[in-house]
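Residues per chain are reported as follows:
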Amino acid sequence: MYKHTAEALVCVTHTDCAIESLSVHIGKYCRAIRHLETGRILDFGEGEAIIKSTKGAILFRVSARDIFTFYGIQALLQGSLSAIATFPGEAVEWHPVDRVASTL
């Protein structure tokens, strides 16, 4: 079980294309990428990122065992997202996830 978990919802156009581009862009840093019906799970060993398509947005969920891996994955996702997509707003807002309740 991961100690640190947060989610962010980012409005983007063409969510499926954005998820594919993110997977290609981040793939070289992952141990493995598992395909979901509506997204991907990016395995970083000590943490993971789940990227799912929702109506008009992408839901990101980052989980990691330690705080350094957690923030590293977040930074990698945000930097990659900025490189491949234009989205409204100045920054991505991450919200902590309770271990019991989740939107995924």
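Residues numbered from 1 in each chain as written. Predicted model: local features only at pLDDT ≥ 70, side-chain atom pairs only at ≥ 80, totals over all residues. Heavy atoms only, no water.

On to the overall build of the protein, then. On a plain count of helices and strands, the protein comes out with two helices and six strands. The order of helices and strands in the protein, counted from the N terminus, is β-α-β-β-β-β-α-β. Burial status across the protein gives 44% buried among its 104 residues. At a minimum sequence separation of 6, the contacts of the protein that also span at least 24 residues come to 59%. A total of about 6,200 Å² of accessible surface is found on the protein, and carbon and sulfur atoms cover 54% of it. (Helix = DSSP H or I, 4+ residues; strand = E, 2+ residues; numbered from the N terminus. Buried < 20%, exposed > 50% of the residue type's maximum accessible area, 1.4 Å probe, protein only. Contact = heavy atoms within 4.5 Å. Areas by Shrake-Rupley, 256 points an atom, 1.4 Å probe, with all protein chains shown as cover.)

On to the environment of arginine 40, then. Turning to its location among the elements, arginine 40 is positioned in strand E3 (residues 39-43). Along the sequence, arginine 40 and serine 23 sit 17 residues apart, while their C-alpha atoms lie 7.6 Å from each other. Among the polar contacts listed, one links the side chain of arginine 40 to the side chain of histidine 35, at a separation of 3.0 Å. (Polar contact = N/O pair within 3.5 Å; in protein donor to acceptor, adjacent residues only side chain to side chain.)

Under the criterion given, the structure shown has two aromatic pairs. With a centroid separation of 6.3 Å and an interplanar angle of 50°, the aromatic rings of phenylalanine 60 and tryptophan 94 are classed as tilted. Separated by 34 residues along the polypeptide, phenylalanine 60 in strand E5 (residues 57-64) and tryptophan 94 in the loop between helix H2 (67-84) and strand E6 (95-96) bring together distant segments of the chain. There is no split in this pair, since phenylalanine 60 and tryptophan 94 are both buried. Aromatic pair phenylalanine 70 and tyrosine 71: ring centres 5.1 Å apart, planes at 70°, arrangement edge-to-face. Judged by its relative accessible area of 6%, phenylalanine 70 falls in the buried class. (Phe/Tyr/Trp six-rings, centres within 6.5 Å; stacked < 30°, edge-to-face > 60°.)

Keep in mind that these numbers describe shape and distance, not what the molecule does.
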